[in-house]
Amino acid sequence: MNTVTRVLAPVRGTLAAAVALQALGSVAGVAPFVAVAEIGRALLAPEPVASDRIWLLVGLGAGAAVLALIATTLATTLTHLADNRLQLLLRRRIAGHLARVSPGWFSARSSGHVSKALQDDVHSLHYLVGHTLLDVTAVLVTPLAALVYLAAVDWRLALLALVPLVAGALLFRKAMSGAGPLMAEYGRAQTEINAGIVEFVDGIAVVKTFGRGRSAHRRFVAACDAFHDFFASWQRRTTSVTTASQLVVTPSLVLLLLLGAGTVLVVAGWTPATALIPFALLGPAIVAPMGAVGPRIQALRGGTAAAASIEALLAEPVQPQPAVGGEPEGTTVTLHDVAFRYPGTESDALAGVDLELRPGTVTALVGPSGAGKTTLATLVPRFHDVTGGAIRIGGVDVRELDARTLYRSVGFVFQDTTLLRTSVADNIALGRPGAAREEIVDAARAARIHERILALGRGYDAVVGEDAEFSGGERQRLSIARALLADTPVLVLDEATAFADPESEAAICDALSELAVGRTLLVVAHRLHTVAGADEIVVLESGRVTEQGRHDELLALGGRYARMWAAQDGTVLAGQGVPR
Ligand code: ADP
């Protein structure tokens, strides 16, 4: 079974019925022309006119026209119903599947990837299901029905009517030969132009300031030139054959051929003159599909690619969940010989990490950039599953905890706070839906964001992205309010205050101090002075723990931490701003 059939399987029955109805409608659509042709032949025949037969033909033609209308309308209705059902089904399946892949999968991919599948790909399928399938049926059945009738009238002329179709098809094939790689090249050339535009526009201010305006758009101009050369040479090679493929199937040319050849047959006495009427009416219909082939092939290709991309998304491995979740005893977090390697990478981001985070203590992760601090922090709330060793909360492996228990135990405040397009209150109450307004306000107050929310026109009812916009530091404080309200005993946080202004940073430090009270805290520290008072400082280098202890102990050790400390601003008093 190919991709498209697999993806369309849930609506196969409805689609089959729609195609059958469309085929019936297409045949019925040819019938009025047949009736008119037959009426013409009857009226022009040397025999006396039988008016009963004429009226019967009128009735049949009119009846067939109505039937065609009903059948095609029904077919279109069915495909649109099927399309609606399929879109809902696929979106639910994708959403359901995405809910089960590891949270870390998302950070590794742009939201564009997911939105493309949910929106563009599902929409491409709409075109295939709702329109292309019926179009293709009509495009094949109509000429076939016409051909059957014409062959019954005069098989020689009917055969002749096929000549332009065959010639057109052969020429079209020639025009399309090698189109696959050329289309890929076309796509590459366009991507290069887009990249050139982005580079040009992004860098415009810098480039102007430094007076290098000409070189800035060099890539863009080069990409445009390359595209022009490529496209012109492609066009030069295929223009004549493409034009010829369209010319041979133009209705007037086909009529000329049929009536010319027909006249020869009539003059020779091989066929009556009235036999030309059906060919004048229906001859051009036989070649009509040629004009419609290109766009349909394109739509079919688009639909197939979309189906493949949806299938690929649905094949992303899900994070296994335990059948019956374990019950943690206490909230001590232990990391035992933890190793982790990102999928598709050659080396471990973490290896042999042993740690114990006791309740009510602050553990700070420090180390150079790329040492694995963030990776380690995200493993605790199971953003990814460890590739070696185990992480346990209250003695239970996080992989043995059901998601509810896990997220009731571990909260997190990471750098990129996602706010949903809903009210500020709902955003804070995300971890505890149904929280009372006073509790939300208390959390916001403790997170030092209450005043800022009140300054919004609609306060807590303001909608993020509509009448509420927040800076990086403010978003972080909102996420702290969220964590406070969720009130988990273990909290993992990335103390990134890098983008906050001094005032905001002070507010964030205060908010973090509120968070730390009575919790187990694991902090990714970017500046040492904020964690010098931590119960335990863990130095990570290249994914391994190289030093571990309290600030004084590590200074006395005179190793990596001591050097990092010395390199930092020595005037900062140890212990200041510690989130305690
Ligand atoms: P830190 O937080 O200490 O700066 P990270 O935990 O972000 O370090 O990164 C640790 C290592 O893992 C780095 O070598 C980084 O390049 C790699 N890494 C981080 N995220 C990914 C990812 N999504 N895919 C592959 N490698 C990653």
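Fair warning: this is a prediction, and the values are worked out from it, not measured in the lab.

1. Considering the UniProt feature "transmembrane region" (unreviewed entry) in the protein
- What UniProt calls "transmembrane region" (unreviewed entry) maps, in this numbering, to residues 53–82, 125–149, 155–172, 247–270 and 276–294.
- For residues 53–82, helix accounts for 100% and strand for 0%, while the C-alpha atoms at its two ends are 42 Å apart.
- Across residues 247–270, helical content stands at 75% and strand content at 0%; the span's end C-alpha atoms are separated by 29 Å.

2. Brief notes about the side chain of Arg482
- Along the chain, Arg482 falls in helix α18 (residues 472–486).
- Classification of Arg482 as buried rests on a relative accessible area of 15%.
- Here Arg482 is in contact with Thr417, Thr418, Leu419, Asn427, Ile428 and Leu430, once residues within four sequence places are set aside.

3. What to know about the sheet that holds strand β2 (residues 350–357)
- Read across the sheet, four strands follow the order β2-β1-β4-β5 without closing on themselves; strand pairing throughout is antiparallel. Every other strand in the sheet has two partners, leaving β2 and β5 (396–397) as the edge strands with one partner each.
- As defined by bridge partners, strand β1 (residues 333–340) adjoins strand β4 (residues 388–393) across five bridges and the pair is classed as antiparallel. The residue bridging Thr334 from the neighbouring strand is Arg392, located in β4.

4. Notes on the domain arrangement of the protein
- Entries for the protein in the domain assignment read domain 1 (1–154 + 290–319) and domain 2 (333–573).
- Here domain 1 and domain 2 have C-alpha centroids that lie 53 Å from each other.
- In this assembly, five residues from domain 1 lie in contact with five residues from domain 2.
- Between domain 1 and domain 2, a total of about 400 Å² is buried, with carbon and sulfur atoms accounting for 51% of that surface.
- The interface formed by domain 1 and domain 2 holds three residue pairs in polar contact (both at pLDDT 80 or more) in total.
- Taken together, the residues of the side of domain 1 that touches domain 2 break down into two nonpolar, three polar and no charged.

5. Here's the deal with the site of the ligand
- Looking at the ligand, the residues that line it are Tyr342, Thr345, Ala349, Pro368, Ser369, Gly370, Ala371, Gly372, Lys373, Thr374 and Thr375.
- Within the backbone of Gly372, an N or O atom sits 3.0 Å from an oxygen atom of the ligand.
- Lys373 has a polar backbone atom sitting 2.9 Å from an oxygen atom of the ligand.
- Starting from 560 Å² of accessible surface for the ligand in isolation, the protein chains cover 59%.
- Residue classes in the shell around the ligand are distributed as four nonpolar, six polar and one charged.

Conventions used here
- Residues numbered from 1 in each chain as written.
- Predicted model: local features only at pLDDT ≥ 70, side-chain atom pairs only at ≥ 80, totals over all residues.
- Heavy atoms only, no water.
- UniProt positions renumbered as here; feature names shortened; annotations may be inferred.
- Helix = DSSP H or I, 4+ residues; strand = E, 2+ residues; numbered from the N terminus.
- Buried < 20%, exposed > 50% of the residue type's maximum accessible area, 1.4 Å probe, protein only.
- Contact = heavy atoms within 4.5 Å.
- Pairing = 2+ DSSP bridges.
- Domains from an automatic or database assignment.
- Buried area = accessible area lost by both parts, 1.4 Å probe.
- Polar contact = N/O pair within 3.5 Å; in protein donor to acceptor, adjacent residues only side chain to side chain.
- Nonpolar A, V, L, I, M, F, W, Y, C, P; charged D, E, K, R; others polar.
- Near = heavy atom within 4 Å.
- Areas by Shrake-Rupley, 256 points an atom, 1.4 Å probe, with all protein chains shown as cover.

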